[in-house]
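Take a look at the letters that make up each chain.
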Amino acid sequence: MTGGALVLAAGASRRFGSDKRCFDVDGKPLLCHCLEALAQAGLATRVCVAGGETGLVGDLCAIDCEVIECNDAALGMGATLAQGVAACEDWQQLLVVLADMAWVQADTYRALFAALKESPIVRPSYQGSPGQPVGFSSRFFPELATLQGDVGGRQLLTQYAQLVHTLPVPDPGVLRDLDRPPA
């Protein structure tokens, strides 16, 4: 099956107070940790950035990926996800990856992507707590491509709860993001 990871990296980082994609985590920008793990997992990667930011990924990280310019990013995560999914119509499945989740392990990405062969929606859990990223088969792309605001794909998880396969993983990174600068 063709597909890969769609990284949402177009947010304004309002709660963070500065561009968290560039925030130094262990000697490199936060975004690079995410992209490097996806590269180690062997997944094709497309990164959604806001309008005018197409050079950002290349400036921060030496990772081979496609950049999708999302001119509606200011309208919220749903709008960014919709534009990103629309640019992935050649894929059969994708993982929706949040750029501020720099601690997800490559093995977790591989396991989630593999699980999409058997289940139309896949979500990781760590010690019983649901996490990110969530994977979707192309069956859901038309609905994802109509999202608006800051909703993201959460409404599909509720609407199609009976189709969601929760995959237990030994990776606490699926629960960890960076919304505010460390104290």
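Small disclaimer: the values here were computed from a predicted structure and weren't measured. (Residues numbered from 1 in each chain as written. Predicted model: local features only at pLDDT ≥ 70, side-chain atom pairs only at ≥ 80, totals over all residues. Heavy atoms only, no water.)

### Quick word on the packing of aromatic side chains
Phase 1 of the analysis: By the definition in use, this model includes two aromatic pairs.
Phase 2 of the analysis: Taking 6.3 Å as the distance between ring centres and 65° as the angle between the ring planes, the aromatic pair formed by Phe 136 and Phe 140 counts as edge-to-face. One exposure class covers both Phe 136 and Phe 140, and it is buried.
Phase 3 of the analysis: Accessibility expressed as a relative area gives 1% for Phe 140, which makes it buried.
Phase 4 of the analysis: The rings of Phe 136, Phe 140 and Tyr 160 are connected pair by pair, giving a single aromatic cluster.
Phase 5 of the analysis: Note that Arg 176 overlies the ring of Trp 103, its terminal NZ or CZ placed 3.8 Å from the centroid. (Phe/Tyr/Trp six-rings, centres within 6.5 Å; stacked < 30°, edge-to-face > 60°. Buried < 20%, exposed > 50% of the residue type's maximum accessible area, 1.4 Å probe, protein only. Lys NZ or Arg CZ within 6 Å of the ring centre and 35° of its normal.)

### Overview of unusual backbone geometry
Phase 1 of the analysis: Here the residue pair Gln 132 and Pro 133 is connected by a cis peptide bond, since its omega of 5° sits within 30 degrees of zero.
Phase 2 of the analysis: Tracing the backbone through its elements, the reader meets Pro 133 in the loop between strand S8 (129-130) and strand S9 (134-137).
Phase 3 of the analysis: The phi dihedral of Asp 26 falls on the positive side, at around 55°, and the residue is not glycine.
Phase 4 of the analysis: Within the element layout of this structure, Asp 26 appears in the loop between strand S2 (24-25) and strand S3 (28-29). (Helix = DSSP H or I, 4+ residues; strand = E, 2+ residues; numbered from the N terminus.)

### Concerning helix H1 (residues 30-41)
Because each turn of an α-helix spans 3.6 residues, side chains separated by three or four positions end up pointing in the same direction.
Phase 1 of the analysis: Between its terminal C-alpha atoms H1 stretches 18 Å, which fits the 16 Å expected from twelve residues at 1.5 Å a residue.
Phase 2 of the analysis: In terms of residue burial, H1 counts as a mostly covered element, since nine of its twelve residues are buried.
Phase 3 of the analysis: Buried within H1 are the following residues: Leu 30, Leu 31, Cys 32, His 33, Cys 34, Leu 35, Ala 37, Leu 38 and Ala 41.
Phase 4 of the analysis: Two residues or fewer past H1, Gly 42 is found with a positive phi of approximately 80°. (Expected span 1.5 Å × (residues − 1).)

### Looking at the packing of H1 against helix H4 (residues 106-115)
Phase 1 of the analysis: Viewed as axis vectors pointing N to C, H1 and H4 meet at an angle of 55°, and their least axial separation amounts to 8 Å. If you check the angle between H1 and H4, you find them oblique. In terms of crossing hand, the pair formed by H1 and H4 is right-handed. Together, Cys 34, Ala 37, Leu 38, Gln 40 and Ala 41 of H1 and Ala 106, Tyr 109 and Arg 110 of H4 make up the contact between the two elements.
Phase 2 of the analysis: A breakdown of the residues in the contact of H1 with H4 according to their chemical character gives six nonpolar, one polar and one charged. (Axes fitted to C-alpha atoms, helices over the stretch in contact; angles between N-to-C directions. Parallel < 35°, antiparallel > 145°, perpendicular 65-115°, else oblique. Left-handed = near helix turned anticlockwise from the far one by under 90°. Contact = heavy atoms within 4.5 Å. Nonpolar A, V, L, I, M, F, W, Y, C, P; charged D, E, K, R; others polar.)

From the geometry alone we can't say anything about function, so treat these as descriptive.
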